[in-house]
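# Summary of structural features
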Amino acid sequence: MNRILIAEDEERIASFVEKGLRSNGFTTTVAADGDTALGHALSGGFDLMLLDIGLPGRDGFTVLRELRESRVTLPVVVLTARDSVRDTVAGLEGGADDWMTKPFRFEELLARVRLRLRTAARAPEVTVLRSGDLGLDLRTRRARASGRTVDLTAREFVLLELFLRHPGQVLSREQILSHVWGYDFDPGSNIVDVYVRALRKKLGAERLETVRGMGYRMP
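Residues numbered from 1 in each chain as written. Predicted model: local features only at pLDDT ≥ 70, side-chain atom pairs only at ≥ 80, totals over all residues. Heavy atoms only, no water.

## Concerning the overall build of the protein
Secondary structure assignment for the protein yields eight helices and eleven strands. For the C-alpha atoms alone, the extent of the protein along its principal axes is close to 75 × 35 × 30 Å. Going through the 219 residues of the protein one by one, you find that 40% of them count as buried. As presented, the protein carries roughly 12,300 Å² of accessible surface, and 49% of it is formed by carbon and sulfur atoms. Taking the 33 positively charged and 31 negatively charged side chains of the protein as two groups, their mean positions are separated by 8 Å. (Helix = DSSP H or I, 4+ residues; strand = E, 2+ residues; numbered from the N terminus. Buried < 20%, exposed > 50% of the residue type's maximum accessible area, 1.4 Å probe, protein only. Areas by Shrake-Rupley, 256 points an atom, 1.4 Å probe, with all protein chains shown as cover. Lys, Arg positive; Asp, Glu negative; His and termini not counted. Charge placed at Lys NZ, Arg CZ, Asp CG, Glu CD.)

Here's what the structure looks like:
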């Protein structure tokens, strides 16, 4: 359940937003001034903040600036009656993730909240697969083992990627054939054994284990 911090001093608006979010399954906390909002935001107890610019105490711009200066990456959606381009640019350049002007439709606010939460939760793209001191760069399609760079053929690259994405799992010859060569390849072929030997020669025999009668495994 996502936790939303509502930094809003207008009680009517805060209540409207809070009721709408709670009815859609969110947990909410309201902060009616900038000092309280900043303290909550720095606590790490929230997944997103809705931030009014015109807060008493620290205003929204100050809260946002101090939050980002503290290297807190909490997603922030600004809610404000200010609609000038200068204010919008200042807010976005100051670290806001989104900007909505009052009055607003709750359905749009809800959509933006969900979008920012999905974006924040999205894992960073993996570009290097690792197992111990073995790494496979998915961009350059090269491996590094024991501090040295290893060039791979196209099939060797796909085969090594398969093992690295399934560490500790025994992969049968049939599984490897279907993934690397496709279902049309002759299941009686010894091509898998040939390529496993090639990888062992390039990377070290200990990298791939033979599980008799079953297949191969990267320990």
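Next comes the rest of the description.
## Topic: the UniProt feature "modified residue: 4-aspartylphosphate" (unreviewed entry) in the protein
Using the residue numbers shown here, the UniProt feature "modified residue: 4-aspartylphosphate" (unreviewed entry) corresponds to Asp-52. Within the secondary structure, Asp-52 sits in strand S3 (residues 48-52). Aside from chain neighbours lying at most four places away, what touches Asp-52 is Ala-7, Glu-8, Asp-9, Gly-60, Leu-79, Thr-80 and Lys-102. (UniProt positions renumbered as here; feature names shortened; annotations may be inferred. Contact = heavy atoms within 4.5 Å.)

## Describing the pattern of salt bridges
In this structure the tally under the stated criterion is 18 salt bridges. Ionic pairing is found between Lys-102 and Asp-52, a salt bridge with its closest N-O pair at 3.2 Å. With Lys-102 in the loop between strand S5 (98-101) and helix H5 (106-121) and Asp-52 in strand S3, the pair connects residues that are 50 residues apart, well separated along the chain. Lys-102 sits in the buried class, given a relative accessible area of 16%. With a closest N to O distance of 3.8 Å, Glu-206 and Arg-207 form a salt bridge. The buried category is assigned to Arg-207, whose relative accessible area is 11%. If you follow the salt bridges from partner to partner, you end up with Asp-98, Glu-108, Arg-112 and Arg-116 in one network. (Salt bridge = Lys/Arg side-chain N within 4 Å of Asp/Glu carboxyl O.)

## Some words on the sheet that holds strand S8 (residues 142-145)
Read from one edge to the other, the open sheet built from four strands follows the order S6-S7-S8-S9, with strand pairing classed as antiparallel. Both outer strands of the open sheet, strand S6 (128-131) and strand S9 (148-151), are each paired with one neighbouring strand and no more. The average angle at which neighbouring strand axes cross in this sheet is 20°, direction not considered. Bridging between strand S7 (residues 134-137) and S8 involves four bridges; their strand directions are antiparallel. Each bridged residue has a counterpart across the sheet, and for Leu-134 the counterpart in S8 is Ala-145. Along the sheet face, helix H6 (residues 154-164) touches S6, S7, S8 and S9 and points at about 120° away from the line of S7. Along the sheet, helix H8 (residues 191-203) contacts S7, S8 and S9; its crossing angle with S9, the most-contacted strand, is approximately 155°. (Pairing = 2+ DSSP bridges. Axes fitted to C-alpha atoms, helices over the stretch in contact; angles between N-to-C directions.)

## Overview of the sheet that holds strand S1 (residues 3-7)
Pairing is parallel across the open sheet formed by five strands, whose spatial order is S2-S1-S3-S4-S5. At either margin of the open sheet sits one strand with a lone partner, and together these are strand S2 (27-31) and S5. Going from strand to strand, the sheet's axes swing by 20° on average, the running direction of each strand aside. In this fold helix H3 (residues 60-69) packs onto S3, strand S4 (76-80) and S5, with an angle of close to 145° to the strand it touches most, S3.

## Focus on unusual backbone geometry
Lys-102 connects to Pro-103 through a cis peptide bond whose omega is -5°. One non-glycine residue, Arg-71, lies in positive phi territory at about 60°. Relative to the assigned elements, Arg-71 resides in the loop between H3 and S4.

## Examining the side chain of Arg-207
Among the structural elements, Arg-207 can be located in the loop between H8 and strand S10 (209-211). Among the polar contacts listed, one links the side chain of Arg-207 to the side chain of Ser-146, at a separation of 3.3 Å. Looking at Arg-207, its side chain comes within polar contact range of the main-chain oxygen of Leu-203, at 3.0 Å. Beyond its immediate sequence surroundings of up to four residues, Arg-207 is in contact with Ser-131, Asp-133, Leu-134, Ala-145, Ser-146, Arg-217, Met-218 and Pro-219. (Polar contact = N/O pair within 3.5 Å; in protein donor to acceptor, adjacent residues only side chain to side chain.)

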